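Architecture and fold: a report
Chain by chain, the residues run as shown.
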Amino acid sequence: MKNIVILGATGSIGMNTLDVISRFPDRFRVVGLTVRSNDVKLETLIKRFQPKVVSLMDEVAAAALSKRLNGSGTEVLSGMEGCVEVARFPDCDIVVSAVVGAAGLLPTLSAIQNGKVVALANKETLVMAGEIIQKEARSRNVPLLPIDSEHSAIFQVLSGERHEDLLRLILTASGGPLIDFTPEMKEKVSPEVALAHPNWKMGPKISIDSATLMNKGLEVIEARWFFDAPPEKIDVVIHRQSIIHSMVEFVDRSVVAQMGLPDMRVPISYALHYPERAPLSLPSLQLEEIGQLTFEKPDRKAFPLLTCAYDALKGGGTLPSVLNAVNEEAVEAFLSEKIRFVEIAQVVQQTMESHCPQSIGTLDDVLEADQWARREGQLWISKYAA
Ligand code: NDP
Ligand code: MG
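Predicted model only: the values in this text are computed from it and were never measured. (Residues numbered from 1 in each chain as written. Chains lettered and ligands numbered in written order. Predicted model: local features only at pLDDT ≥ 70, side-chain atom pairs only at ≥ 80, totals over all residues. Heavy atoms only, no water.)

**A short note on the overall build of the chain**
Of the regular secondary structure elements, the chain holds 17 helices and 11 strands. Here the chain has a C-alpha radius of gyration of 20 Å; the compact-globule value for 386 residues is 21 Å, and the two agree. Taking the principal axes of its C-alpha atoms as reference, the chain extends roughly 60 × 50 × 40 Å. For the chain, buried positions account for 56% of its 386 residues. Pairs at least 24 apart in sequence give 69% of the contacts found in the chain among residues at least 6 apart. The centroid of the 39 positive side-chain charges in the chain is displaced by 2 Å from the centroid of its 49 negative side-chain charges. (Helix = DSSP H or I, 4+ residues; strand = E, 2+ residues; numbered from the N terminus. Rg over C-alpha atoms; globule rule 2.2 N^0.38 Å. Buried < 20%, exposed > 50% of the residue type's maximum accessible area, 1.4 Å probe, protein only. Contact = heavy atoms within 4.5 Å. Lys, Arg positive; Asp, Glu negative; His and termini not counted. Charge placed at Lys NZ, Arg CZ, Asp CG, Glu CD.)

Structure below.
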C-alpha cells in the first residue's frame, strides 16, 4: 500500500489522480490533500477519501472548514506553511505535485527534501528552479517522475536507453484552439474562446498557455531539466491530433514515439505505479478511427512566446523564472479581461526585455526574480489596461 499526498487536489490533474487512485483501493491510500480555497469541493473529497491532513491556502476558508469538520479524523492546516507541512507528511510515500503556477515550488521542494517520490505535473517548479530541484532530488536519490504527457512519453521511451544515445527530444503540441486564427481574429479573442482546447480538458491557466503556445515553451524548459538535454536538442512539432505524446530521436536516427488517446489518467497512472504498469479500463486507441496523424512546423511569428521560452532557457539564470512569473500575471489579466489575448505576449516580451538577468545561487534568487517580474509585469498590464 502506498500513501499519497495530492497538492492541488481539486484541480484537473488532482481530480484525475483521485480517479486513478480510486481504481486501485488495494494499492493506494490518500493521506493528504491541499487546495487554494475550494473548501466545499475539498470537504466532499475528505468525506470520500478520509485523508489524515489537508491544507488550504485561504485561511478564512480553512477556518470555516475546520469548524465544520470538528471531531473528524482530518487535521486542517492553512497557508503556504500548511501546504509545505502536508507535502512533507511523514506517513507519505508519493507526493503528486498538481498545484498550478509558482505556488507549487516550495511544497514540491519540501517533498523532495523529505525524501518523497514526487510525481510532477506542476511544470512551473522546474521552469523556475530546475537546477536546484534536480540537484536536491539527485543528491537524495529521490525519484522525480513526470506527469505532463509529453514528458511521461519521453520518460517511457528513454527507459533502458543510454543518455549518450539520445540525439533529439521532439515534443508534440496540438497547437491549441487558435492555431488557425489569423492575426486579425486573434485581436478579438475572448477568454471563453481561448479556453476551449480541442483535445484536453484542463485548468484555465494551462489552457491559455496552450492557446499562446507558452505551454510548449514551458515544457521545453521542463524537458531540459527532466532529461538533462540542452535546448539545441529539444524540438517542437505541431501534431493536432494529440495521439503521439512525444518522440525521441536516437543517434542511429531511429525515432521512437509514445502514443495513446489523450487522457491524463494514463501518465498519472504510469507515474503512480512506476516502474510497473497497471491495467486501466479506458478506450483503446483505434488508429483506423483516427485516420491521419499530421505534423507541422510551429509558426514562430504567430506564437512568439515559444521563441521567448527558448531564449529564456538559453539565457538561463533568472530569465526562466521571470518568464514564468510574468506569464502568470499576464494570463490572469487576460482571464479577468484587463488585457487582450495578443497583449499577453507583449507584456511577457516587454518584461523580459526590461530584465537584467542574474545568475541563480539560491532559492531566494529565484523567488526575488519571480517577485520582480510580477511587479514589472503589472506595470505593463496597467499600461495596456488603461
Ligand atoms: P487547475 O487550475 O485545474 O487546478 C489547480 C489546483 O491547484 C486546484 O486544486 C487549486 O485549488 C490549486 N491552486 C491554485 N492556485 C493555488 C495557489 N496559489 N496555491 C495553492 N494551491 C493552488 O490546474 P491543472 O490541474 O490544470 O494544472 C495543475 C498543474 O499541472 C499545472 O502546473 C499544469 O501546467 C500541469 N499540467 C496540467 C495538465 C492538465 O491536463 N490539466 C496537463 C499537464 C500538466 P482551488 O480548487 O481551491 O482553486
Ligand atoms: Mg503537456
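Next comes the rest of the write-up.
**A word on the sheet that holds strand 10 (residues 244-250)**
Ordered by their spatial adjacency, 4 strands build an open sheet running 9-8-10-11, and the pairing between neighbours is mixed. On the outer flanks of this sheet lie strand 9 (234-238) and strand 11 (255-259), each paired with one strand and no other. Between one strand and the next, the sheet's axes are offset by a mean angle of 20°, whatever the strand orientation. When strand 8 (residues 166-173) meets strand 9, the two strands line up parallel, connected through 5 bridges. Its bridge partner lying in strand 9, L169 is registered against I234. (Pairing = 2+ DSSP bridges. Axes fitted to C-alpha atoms, helices over the stretch in contact; angles between N-to-C directions.)

**A few points about the pairing of strand 2 (residues 28-35)**
Of all 8 residues that make up strand 2, 7 are buried, and the element is covered over most of its length. Summarising the sheet, strand 1 (residues 2-7) and strand 2 pair through 6 bridges and their orientation is parallel. Bridge pairing in strand 2 links L7 to T34. One crossover worth recording links strand 1 to the parallel strand 2 by way of helix 1 (residues 12-23), and it is right-handed. Running through helix 2 (residues 39-49), the crossover from strand 2 to the neighbouring parallel element strand 3 (residues 53-56) is right-handed. (Right-handed = clockwise from strand over helix to strand, strands pointing away.)

**Let's talk about the site of ligand 1**
Taken together, 25 residues are adjacent to ligand 1, and T10, S37, N38, E124 and G203 come closest. Between an oxygen atom of ligand 1 and a side-chain N or O atom of T10, the distance comes to 2.6 Å. The separation between an oxygen atom of ligand 1 and a polar main-chain atom of S37 is 2.7 Å. Counting only elements with at least two residues in the shell around ligand 1, the list comes to helix 1, helix 6 (123-140) and helix 10 (204-212). (Near = heavy atom within 4 Å. Polar contact = N/O pair within 3.5 Å; in protein donor to acceptor, adjacent residues only side chain to side chain.)

**Description of the side chain of T318**
Turning to its location among the elements, T318 is positioned in the loop between helix 14 (304-315) and helix 15 (319-335). Here the side chain of T318 touches Q358 through a polar contact of 2.9 Å, landing on its backbone nitrogen. T318 has contacts with H355, C356, P357, Q358, I360, D365 and A369, leaving out every residue within four places of it along the chain.

**Here's the deal with the pattern of salt bridges**
Considering all chains together, one arrives at 29 salt bridges under this definition. Between E164 and R162 there is a salt bridge whose closest N-O contact spans 3.6 Å. The residue D209 makes a salt bridge to K205 at a minimum N-O spacing of 2.8 Å. Of this pair, D209 and K205 are both found in helix 10, 4 residues apart, which corresponds to roughly one turn of the helix. (Salt bridge = Lys/Arg side-chain N within 4 Å of Asp/Glu carboxyl O.)

**Some remarks on the pairing of strand 6 (residues 117-120)**
Bridge count between strand 5 (residues 94-97) and strand 6: 4 bridges; the pairing is parallel. Opposite V96, over in strand 6, you have A119 as the bridge partner. Taking the sense of rotation as the criterion, the β-α-β connection linking strand 5, helix 5 (residues 105-113) and strand 6 turns out right-handed. Pairing of strand 6 with strand 7 (residues 144-146) involves 3 bridges; the strand directions are parallel. Within strand 7, the position partnered with A119 by the bridge is L145. In this region the chain leaves strand 6, passes through helix 6 and returns to the parallel neighbour strand 7; the handedness of that crossover is right-handed.

**Focus on unusual backbone geometry**
For the bond from Y274 to P275, the omega torsion is 5°, close enough to zero to count as cis. A positive phi is found at Q50, a non-glycine position, where the angle reads about 45°. A positive phi angle, near 70°, is found at L213, a position not held by glycine. Note that L213 resides in the loop between helix 10 and helix 11 (214-227).

**Section: the side chain of T351**
Tracing the chain through its elements places T351 in helix 16 (residues 341-354). Of the residues examined, T351 reaches a relative accessible area of 0% and is grouped as buried. Excluding anything up to four places from it in sequence, T351 contacts V322, V326, W372, A373, E376, G377 and W380.

**Some remarks on the packing of aromatic side chains**
Evaluation of the coordinates by the stated rule reveals 6 aromatic pairs. Seen from their ring centres, F24 and F28 are 6.3 Å apart, and the 85° between their planes marks the pair as edge-to-face. Taking relative accessible area as the criterion, F24 reaches 12% and is therefore assigned buried. A centroid spacing of 6.4 Å and a plane angle of 75° characterise the contact between F155 and Y270, whose relative ring orientation is edge-to-face. Taken together, the residues span a long stretch of sequence, with F155 in helix 7 (residues 149-158) and Y270 in helix 12 (residues 265-273) at a distance of 115 residues. Relative accessible area serves as the criterion here: at 11%, Y270 is assigned to the buried category. Among the aromatic side chains, those forming a connected cluster through ring pairs are F155, Y270 and Y274. The ring of W225 has R224 lying over it, and the distance from NZ or CZ to the ring centre is 3.9 Å. The ring of W380 has K383 sitting right over it, with the charged end atom 4.3 Å from the ring centre. (Phe/Tyr/Trp six-rings, centres within 6.5 Å; stacked < 30°, edge-to-face > 60°. Lys NZ or Arg CZ within 6 Å of the ring centre and 35° of its normal.)

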